[in-house]
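# Residue-level structural notes
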Amino acid sequence: MPDLPSATLTFLFTDIEGSTKLWETEPVRMADALERHDVLCRGVVDDHGGRLIKMIGDGLHAVFVEPEGAVAATLELQRGMAAIAADSGLPFRMRCGLHAGSSQERDGDYFGSEVNRAARIMNAAHGGQILLSQSVVDLGRARLAKGMDLLHLGRVRLRDLAAPQDVWQLLHADLQRTFPALRSLDSTPNNLPQQTTSFIGREKEVVHIRELMGNTRLLTLTGSGGCGKTRLAIQVAADLLESHSDGVWLVEFAALADPGLVPQAVATVLGLREDHGKTLTQSLTEHLKSRQVMLVLDNAEHVLTACAQLADALLRDCPQLRLLVSSREALGIGGELSYRIPSLSIPDPKQDAAPERLAQFESVRLFIERARSQQPQFTLTPHNAQALASVCARLDGIPLAIELAAARVRSLSMKDLNERLDQRFRLLTGGSRTALPRQQTLRSAIDWSYDLLNASEKSLYGRLAVFVGGWTLEAAERVCASDGITEEDVFDLLSSLVDKNLVMAEERESSSRYRLLESMRQYARDRLLESGGGDQWRNRHLAHFVAFAEAAAPHLAGAEEQEWLDRLETEHDNLRSALVWSATPGGEAAGGLRMAGALYRFWYVRGHLGEGRRWFTELLADVPLVRDAARAMALNGAGVLAWQQADSSEAHTLFQESLAIWRELGNRRGISDALGNLGMIAYNHGDYPTARTRLEECLAIKRELGEQRGIAGSMINLGAVASEQGDYAAARSLYEQSLAIFRNLGDRRGVATLLTNLGNMALSTGDNRAARQFFNDGLEIQRQLADRSSIAVSLNNLGRVARQENDLDAARLLVEESLTIRREIAVPRGIAESLSDLGNIAFDQGDIATARALQRESLAIRRDVSDRWGIAVSLEGLGVVALALAKPYHAARVWGAAEVLRKEIGTPLTPAELSRFDGQVAAARARLGAAAFDRAMQEGRAMTLEQAVQCGMDLQDD
C-alpha cells in the first residue's frame, strides 16, 4: 500500500447496484460473491498503484496517483465483477465514479469536496457503468490504454448541488455501452437550487439524517440562526432524490410574513391552485395522497403553528409523504423527530496549531474555502495557523459567523482579524447570562461586520431591510435615496455592501438582483427600528411598489403580458410585505387599496385567488368609504376574483357598486369595464338578452374611446352570446373582426382565444376539419404562453372533435388531460365541462355506470356555481344514460326540464348536438308510446330548477 502525496489525486468510488435487495433474497450466495468481490478489489487496486482507503458497504473508496492507473483498475474491476456474476448467478453489477483533485489526508483517510465529488459521480452511474469527471479526462485522456474510448454524456447536475459538471463514460469492448439516463438532479422532479459555494463538512450529519429519514416521516432540523440548517437540509434532500419518485420540493418560508399563507406557499411550489369548495390544505392532501414526495419546509420558526398544523394534516392522510423541516424550534407534533444541528468542528487553540492538524476541522476548512473566494492566494501556514484556530474557536464554529470573518481577509491579516474579534467578544461577558451563547456569537459577528461600515453604508444597509425576497438596483434607488443618500450614491454603496458579503448579488437573465440573508435582514431591520425611521422607509417601500403594480397593470394583456406577470411574480414577496404594512396603523391603507386594484389580474392569472380576495376584503373595510377611482378599481378587481371562484352573487354585487361609482365619476372607461363584466355574468347565467344589452353598451363606449383591445374583447363576448343562441353568421363576423384587431396589436393570447372560439363554432356546425385546425393553432400559441387554463380548453375541444369522428380512445385521453389541468388550477366550470364530456365518451364506449357517475358529478358542480346552461347539458347527458338503463320515462322528464332551461336562456342545441339528440328522443318515444312520452316531458317542463337537478341526481343504475 503506497504512501500518496496530498497533491492532485484520482479518487475512485464503487458500489454494487441493488445490493440491499440481493442480501434480502439471496443472503448465502451474496455472502460468497461479496467475499470474492473484496478479494478482487484489494488485488486490483494494489496491482495498479492505488491505495484502498476503505470498503464502504458493498463498494470501495480508493485513491491513485496516476489517473491512467485508476482507469485501468476500474476496467479490471468491471471484468472481474462480470466473472463473479456469471459464476454466482447473481445480477452482480458495479457502478463506478472517478474524479481528480486535491485533498487533505487525516488518519489514513481523505476528505473534502473533491472526494465528495467522486462519490456523487458514482451515485449518478448505473450498474456496469464507469463515469469520469472532466478533471480525470483532462489528466489522462492522452494516456488511455488501447481499446479504451470516452463518450461525453453532457453537463450534468450532480447531487452536490454545484454548477453542472461535464461527465464522461468509459467505453470498451468488455463494457456495456448503453444505459438509462444518469441518476442526476435532472432525473427526478425537484426544485433544489444550484449552490454557488461548496458544501464543507457535515459528512456525519448527512449520514445520520439520512438514516433518521428512513425511520420517520417528519424530521425537524433545529439550531440557531446561521448554523447551516438550510444548506444541510438541501443537501440531504438531494441525496434522497431516488427515494421519492414524484419529487423533492423546497418550500421557503423566510420571506413569508403571514402564517395564513403557509399552505399557499406549498401549493405554489407544487403548482397547485385553489379548488372550489375546498381549503388549500384539502387540495394539498388530495394532490399528495398517492404520491411519493419529500417536502423541505425551510425557515419555519416564524410561522411555526401554521406549519405544524399543515404538517400534521398532510402526514395523517398522505402515507408516502416525508417532511424535512428546518426551524429554530421543533414543530411539537406527534411523530416528529427533532435533530439539533451542531456547530462545525473546531480546534482547541491551546493545543498545537500545526496546519496539517488544523485542516481536519470543518470550521477551518470552511474558513479557508471562503477566504480563497475573496483572496485566491490565501493559504493556511505556520504563521497564521494559531490566529485562524483562535478565530474559528471563538466564533463557535457557526458557519455564518465564519463566512463573515473570512470575507475580511482581503483587508485584514489573520492576527488583526483575531484581535478585532477579541475586542467584540468582550461585550458578551457583561451581557445577559441567560442568552444562548450561539445567539450572542452570531450577533457579535454581525455587529463586528456592521461596525466596519461607514455612516452612509450603515444607513443604506438598514433601509434595505424593508425589502423582502430581494430587490433591483432601481428599487433600491427609489426607496432608499433620501436623507443624505442620493440616487447616484446608491449603486456605489450597494456595490460596497456586496463586496463585504453583507448583500448577495445574483444574475438573473442578464440583470442583477440583490438580497440579504435572512439573519442579516433581521439584523438590519433591528438597526433600522433602533434609528426610529422604520415607518418612513416602509411607506417609501409601499409607495414604490404601488407605482410598480400600477405600471404593470396595463401590460397584463397583450404581447408583454408574460414578461410583466413574471416581474410581478418575482416581486410578490415585496408586494405582500407592502400590503401587510399598508394595513397596519403606521401604513397607508389607501395605497394598499390602489395596489390591490392594480394586482387583481396578476392574482387571477397566477392563481392567487383566495389571497387576493382576502386583501380586497380587508382593505375595502379599512379604507374610509370614499367613492373614488381607487375604490371602483378595487371593487372591480374583487369582483373578478369572486367570479373566478364561482361566487357569482358576490361578483355581481361588487361589479354593480363599481359601475355606480364610475357613473358618478363620469369615467367612461370604468363604466365600460363594469358593463362588460356584468354582461358576462349574465351570459354565464344564460340571461342572453341582458348580456347582449350590457355588452353592446360596453362596445359602444370602447369604440367611443378608441380602445382597440377593449373593442376586440367586447366583440368576442358578443360573439359568444350570438353563438350560444345559434346565430353563427353574426358570431363569425364578430370573431373575425376581433381576430384582425388582436393580430394587429400583436396580442397572441387574444389571437388564441379567437381561434378557440372559431373552432367551437366550426364544431357546432359539424365542420370537424376546420375545428381541429383552429384548436391546434390556438393550442400551439397557448403552450408557448404557458397558459394552462387555455391549454385545458383546447385539449377538451380537441377531445370533442375526436369524439365526433368516433376516435373514442383519443378523445378520452385528450379530455382526461384537460380535466387534470383544470383540477390543478381549480376552474369549477371547466372541471364540470370535462366531466360531462368524459361521461359522453364513456357512454359511447358502452360504460354506462361510469357515464352516469361522471354526469352526476358534473351536474353537482354546475348546480353549485349556478351554471344554468351547464345544468341543461348535464341533464341531457343523464337522460341519454337513463334511456340506456331502460328508464325512458326518467329520460323524458329530465329532457323536459333541460328544454325549458334552454328556452329560458336562449341556448338551442347546435346542429351536431341536435343530430345525436333527435335519435335518442325518437327511441324513448318509441319505447314509451307517444302519450306517456309527452306526459313525462310535460312533468319535466313543470319542474323548478332545484327539482330538475334532484331528478338528475336521483338516477340509479338498478
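Residues numbered from 1 in each chain as written. Predicted model: local features only at pLDDT ≥ 70, side-chain atom pairs only at ≥ 80, totals over all residues. Heavy atoms only, no water.

### Concerning the overall build of the chain
Inclusion rule: Where helices and strands are cited, they refer to DSSP runs of H or I of at least four residues and of E of at least two residues respectively, numbered from the N terminus. Here's how the labels work: a residue is buried when its accessible area is under 20% of the maximum for its type, exposed when over 50%, partly exposed in between, all with a 1.4 Å probe on protein chains only. Whether two residues are in contact is decided by their heavy atoms: any pair within 4.5 Å suffices. With residues, only the protein chains shown are counted as cover, and all accessible areas are computed by Shrake-Rupley using a 1.4 Å probe.
If you tally the helices and strands in the chain, you get 42 helices and 16 strands. Taking the principal axes of its C-alpha atoms as reference, the chain extends roughly 105 × 80 × 55 Å. Considering the chain as a whole, with its 958 residues, one finds that 54% of them fall into the buried category. When contacts within the chain are restricted to residue pairs at least 6 apart in sequence, those whose partners lie at least 24 apart make up 70%. For the chain, the accessible surface area stands at approximately 39,700 Å², while carbon and sulfur atoms represent 49% of it.

### Here's the deal with the nonpolar core
What counts, and what does not: For this analysis, a nonpolar core means a set of buried residues of the types Ala, Val, Leu, Ile, Met, Phe, Trp, Tyr and Cys, connected via side-chain atoms within 4.5 Å.
Counting residues in each nonpolar core, the largest one holds 112 residues, and the members touching the most others are Tyr461, Leu464, Phe467, Trp471, Met595 and Trp603. What Met595 contacts, discounting residues up to four positions off in sequence, is Leu542, Phe545, Val546, Ala549, Leu575, Ala578 and Leu579. Of all hydrophobic cores here, the second largest spans 44 residues; its members include Leu859, Ala897, Met943 and Ala948.

### Remarks on helix H14 (residues 399-406)
An α-helical segment advances 3.6 residues per turn. Residues three or four places apart therefore align on the same side. Counting buried positions along H14 gives 7 out of 8 residues, so the element sits mostly inside the fold. For H14, every residue scored as buried is listed here: Pro399, Leu400, Ala401, Ile402, Leu404, Ala405 and Ala406.

### Concerning the side chain of Ser363
How we decide: In protein, a polar contact requires one atom able to donate a hydrogen and another able to accept it; more generally it is a pair of N or O atoms within 3.5 Å, and residues adjacent in sequence count only if both atoms are side-chain atoms.
Residue position: Ser363 is located in helix H12 (residues 362-374). Ser363 gets classed as buried once you look at its relative accessible area, which sits at 0%. Within the structure, the side chain of Ser363 is placed 2.7 Å from the backbone oxygen of Ser345, a separation counted as a polar contact.

### Looking at the environment of Asp499
Mapped onto the elements of the fold, Asp499 is located in helix H19 (residues 487-499). A relative accessible area of 45% places Asp499 in the partly exposed class. Residues Asp499 and Ala590, spaced 91 residues apart in sequence, show a C-alpha to C-alpha distance of 39 Å. Ignoring any residue separated from it by four or fewer positions in sequence, one finds Asp499 in contact with Gln374, Arg408 and Arg410.

### A look at helix H33 (residues 768-785)
In plain terms, the rule: Any helix carries an expected span of 1.5 Å times its number of residues minus one. The arc refers to the directions leading from the helix axis to the C-beta atoms.
For H33, spanning 18 residues, the distance from its first C-alpha to its last is 26 Å, which sits close to the expected 26 Å at 1.5 Å a residue. Of all the positions in H33, only Asn768, Ala771, Phe775, Gly778, Leu779, Ile781, Gln782 and Leu785 are classed as buried. One face of H33 carries all of its buried residues, which in axial projection span an arc of 165°. Looking at the buried side of H33, the elements it contacts are helix H22 (561-570), helix H32 (748-764) and helix H34 (788-804). One or two positions beyond H33, positive phi appears at Ala786, with a value near 55°.

### Quick word on the pattern of salt bridges
Side-chain pairs of opposite charge can arise where the charged atoms are in close proximity. Rules: We define a salt bridge as a side-chain nitrogen of Lys or Arg found within 4 Å of a carboxyl oxygen belonging to Asp or Glu.
The final tally for this structure, using the stated rule, is 47 salt bridges. In this structure, Arg120 engages Asp239 in a salt bridge whose closest nitrogen and oxygen atoms are separated by 2.2 Å. With Arg120 in helix H4 (residues 113-124) and Asp239 in helix H7 (residues 229-239), this pair connects stretches of sequence that are 119 residues apart. Both residues of the pair, Arg120 and Asp239, count as buried. Among the salt bridges present, the one from Arg823 reaches Glu857, with a minimum N-O distance of 3.2 Å. With a gap of 34 residues between them, Arg823 in helix H35 (residues 808-825) and Glu857 in helix H37 (residues 848-864) connect regions that are remote in the sequence. Members of the salt-bridge network, linked through shared partners, are Glu17, Arg93, Arg159, Arg183 and Glu242.

### Observations concerning the sheet that holds strand S9 (residues 165-171)
The test is simple: Pairing between strands is defined by DSSP: at least two bridges between the two strands are required. Where helices are involved, their axes are fitted lines through C-alpha atoms of the stretch in contact, as for all axes, and angles between N-to-C directions lie from 0 to 180°.
With mixed pairing, the 7 strands of this open sheet are ordered in space as S2-S3-S1-S4-S7-S9-S8. The open sheet has two free edges, formed respectively by strand S2 (50-56) and strand S8 (149-156), since each of these has just one partner strand. The mean inter-strand angle of the sheet, taken between neighbouring strand axes irrespective of direction, is 25°. In this sheet, strand S4 (residues 94-102) lies alongside strand S1 (residues 8-16) in antiparallel orientation, the contact comprising 9 bridges.

### With respect to the packing of aromatic side chains
Just so we agree on the cut-off: What counts as a ring pair is set by centres within 6.5 Å for rings of Phe, Tyr and Trp (its six-membered ring), and what kind of pair is set by the plane angle: stacked under 30 degrees, edge-to-face over 60, tilted for all other angles.
Taken as a whole and judged by the stated rule, the model has 12 aromatic pairs. Relative to Tyr514, the ring of Trp471 has its centre 6.4 Å away and its plane inclined at 25°; by these criteria the two rings are stacked. Note that Trp471 is positioned in the loop between helix H17 (455-463) and helix H18 (473-480) and Tyr514 in strand S16 (residues 511-515), a separation of 43 residues in sequence. Residue class for Tyr514 comes out buried when judged on its relative accessible area of 8%. Their ring planes at 85° and their centres at 6.2 Å tell us that Trp643 and Phe655 sit as a pair that is edge-to-face. Note that Trp643 is positioned in helix H26 (residues 629-644) and Phe655 in helix H27 (residues 648-665), a separation of 12 residues in sequence.

### A closer look at unusual backbone geometry
One non-glycine residue, Arg202, lies in positive phi territory at about 65°. Within the fold, Arg202 resides in the loop between S9 and helix H6 (203-213). Phi is positive for Asn806, which is not a glycine, with a value near 70°. Following the sequence through the fold, Asn806 ends up in the loop between H34 and H35. Exposure remark for Asn806: the relative accessible area of 58% places this residue in the exposed category.

### Observations concerning the pairing of S2
Pairing analysis gives 6 bridges linking S2 to strand S3 (residues 59-64), with the strands arranged antiparallel. Bridging from a neighbouring strand, Lys54 pairs with His61 of S3. Linking two consecutive strands that pair antiparallel, namely S2 and S3, is a turn of 2 residues; a positive phi of about 60° is found at Gly57 within it.

### Observations concerning the confidence of the model for the chain
Rules: On a scale of 0 to 100, pLDDT captures the predictor's confidence in every residue.
In the predicted model, the chain carries a mean pLDDT of 86, and the fraction of residues at 70 or more is 94%. Looking over the chain, one finds the lowest element-wise mean pLDDT in helix H16 (residues 437-451), namely 59, and the highest in strand S12 (residues 294-298), namely 96. Note on residues 1-6: pLDDT is under 50 here. Beyond four places in sequence and across chains, it has 16 contacts. Under a pLDDT of 50 for its full length, residues 423-441 has, in the predicted model, 21 contacts with residues more than four places off or in other chains.

### Quick look at the packing of helix H9 (residues 280-288) against helix H10 (residues 304-317)
For the record, the criterion: Should the near helix be turned anticlockwise from the far one by less than a right angle, the crossing is left-handed, and should it be turned clockwise, the crossing is right-handed. Amino acids outside the nonpolar list (Ala, Val, Leu, Ile, Met, Phe, Trp, Tyr, Cys, Pro) and the charged list (Asp, Glu, Lys, Arg) are all regarded as polar, and Gly is one of them.
Running from amino to carboxyl end, H9 crosses H10 at an angle of 35°, the nearest separation of the two axes being 9 Å. In this structure, H9 meets H10 at a crossing whose hand is right-handed. For the pair H9 and H10, contact is made by Thr281, Leu284, Thr285 and Leu288 and by Leu310, Ala313, Leu314 and Asp317, respectively. Broken down by class, the residue content of the contact of H9 with H10 amounts to 5 nonpolar, 2 polar and 1 charged.

### A few points about the sheet that holds strand S11 (residues 248-252)
Across the sheet, which stays open at both edges, the 5 strands sit in the order S11-S12-S13-S10-S14 with parallel pairing between neighbours. The sheet is open, and its two edges are formed by S11 and strand S14 (337-340), each paired on a single side. Along the sheet, successive strands turn relative to each other by an average axial angle of 20°, direction set aside. With 5 bridges connecting them, strand S10 (residues 218-222) and strand S13 (residues 322-327) associate as parallel partners. Note on S13: the bridge partner recorded for Leu221 is Ser326. In the packing of helix H8 (residues 262-270) onto the sheet, contacts are made with S11 and S12, and the angle to S11 comes to roughly 140°.

### What to know about the packing of H18 against H19
Filter applied, for reference: Here the word oblique covers every angle except those under 35 degrees (roughly parallel), over 145 (roughly antiparallel) and from 65 to 115 (roughly perpendicular).
Running from amino to carboxyl end, H18 crosses H19 at an angle of 125°, the nearest separation of the two axes being 9 Å. Between H18 and H19, the angle falls in the class oblique. Once H18 is placed against H19, the crossing between them reads as right-handed. Two secondary-structure elements touch here, H18 through Leu473, Ala476, Glu477 and Arg478 and H19 through Glu487, Val490, Phe491 and Leu494. Split into classes, the residues belonging to the contact of H18 with H19 amount to 5 nonpolar, no polar and 3 charged.

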